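Spelled out, the chains give:
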Amino acid sequence: MSDDTLVVWDESLLDYDMGEHPLDPVRVELTVALARELGVLDRPGVRLVEPEPADDATLTRVHRPDYLDAVRAAPRDPLFAGYGLGTSDNPVFDGMHESSALIAGASVAAAEAVWRGEVRRAVNVAGGLHHAMPDRAAGFCVYNDPAVAIARLLDLGAERVAYVDVDVHHGDGVQEIFYRDPRVLTVSLHETPLALFPGTGFPDETGGPGAQGSAVNVPLPPGTDDAGWQRAFHAIVPSVLRAFRPQILVTQCGADGHRMDPLADLHLSVDGQRATYLALRALADELCDGRWVATGGGGYALVEVVPRAWTHLLAVAAGDPLDPATLTPPGWRTLAAHRRPGRDVPLRMTDDVDPEHRPWQPTGEPNSVDRAVAATRKAVFPLLGLDPYDPRD
């Protein structure tokens, strides 16, 4: 296996553009520009490749053919309604099928390259559209590129694929698509569905018949900060991944858990997000011989957060994490100020937060994060042969 890292990128990935909408492709544009100016994309061993659109045979491994027909037809019909399209969350836009298929194709290319040993890690920052369902658009997502990539891995012979979703919203689409498939473990840490879209992702969602224990959900209370997030992550994710023994790790790395994100209410920092990426890479190294496919996801602090978070993701995937104290390059600041006037352009790659945490323990007076951890461990750990009360599990 090559130690190289693949970055799937072309400016045409920015065509997934819903107009005046929170999911603004400028966040991806500024991410790639920042990573390029900091030299991340020019490192030895980093390969850039242009994506090809996923074809219908690839997309229909996840999505219904009539839904693909609807996505194609909707831009030509001003009165189109149905399939979750034409809503405020999922407005119809020109080239909707083509741009959505390209994002799916980018994630498939990343997964294929890692599985075949051409590279050890691969990233598609334009991907992570995890809410799309087999028969409808949802939550800003038309085609579910992480699920399409996972389906491709299964077709290539993968027997155990782990999917970890750290977006602030529950990864409901990926969970639903593989809920009855014991070959896929889906793990999602997110803000509680009692407070946030999509209203799913409770601890008792643990997998369908024949796949009990294949879904793991950690719903966190509003206001959870880095220390709480890291405590929850490390109390759940390493244990369930070690029990599952994945051959490859696929992650959705939404940056919308940040305290500045306008659509949610977790209080993470860029430093905490960087720590999570480092932990995911370490788990891939430990369990999967380094095989890691990373996608982007949500994130609506378009200038202030997403470009820094995902540049850290790219740097971690490319081998050497960036020093948090690194200054953002003047040229990038000028571009960011031009592309989104009036935004606060960050000067450094850090929020000056220490993401250290206190390990979870089953004793003592629990806070709301500890109660969430305990609920998840009680619901799913016995199904995986783990002791929910033993902090070593």
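Our structure's up above, just so we're on the same page.
Computed from a predicted model, the values in this text were never measured in an experiment. (Residues numbered from 1 in each chain as written. Predicted model: local features only at pLDDT ≥ 70, side-chain atom pairs only at ≥ 80, totals over all residues. Heavy atoms only, no water.)

Here the focus is the side chain of Thr276. Tracing the chain through its elements places Thr276 in helix H8 (residues 270–287). A distance of 3.1 Å separates polar atoms of two side chains, one belonging to Thr276 and the other to Trp229. With sequence-adjacent residues up to four places away left out, Thr276 is seen in contact with Val166, Trp229, Gln230 and Phe233. (Helix = DSSP H or I, 4+ residues; strand = E, 2+ residues; numbered from the N terminus. Polar contact = N/O pair within 3.5 Å; in protein donor to acceptor, adjacent residues only side chain to side chain. Contact = heavy atoms within 4.5 Å.)

The sheet built from eight strands is open, its strands ordered E2-E1-E3-E8-E7-E4-E5-E6 with parallel pairing. Strand pairing shows two members of the sheet lacking a second neighbour, strand E2 (46–49) and strand E6 (215–220), which therefore form its edges. Taken pair by pair, the neighbouring strands of this sheet meet at an average axis angle of 15°, ignoring direction. Sheet topology note: the strand E4 (residues 161–165)/strand E7 (residues 248–252) ladder contains five bridges and is parallel. Along E7, the bridge assignment pairs Ala162 with Leu249. In the packing of helix H7 (residues 226–244) onto the sheet, the strands contacted are E4, strand E5 (184–191), E6 and E7, and the crossing angle to E5 comes to about 175°. (Pairing = 2+ DSSP bridges. Axes fitted to C-alpha atoms, helices over the stretch in contact; angles between N-to-C directions.)

With four bridges joining them, strand E1 (residues 5–8) and E2 adopt parallel strand pairing. Residue pairing for E2: Val7 is matched across the bridge by Leu48. Following the backbone out of E1, through helix H1 (residues 26–37) and into the adjacent parallel E2, one traces a crossover that is right-handed. (Right-handed = clockwise from strand over helix to strand, strands pointing away.)

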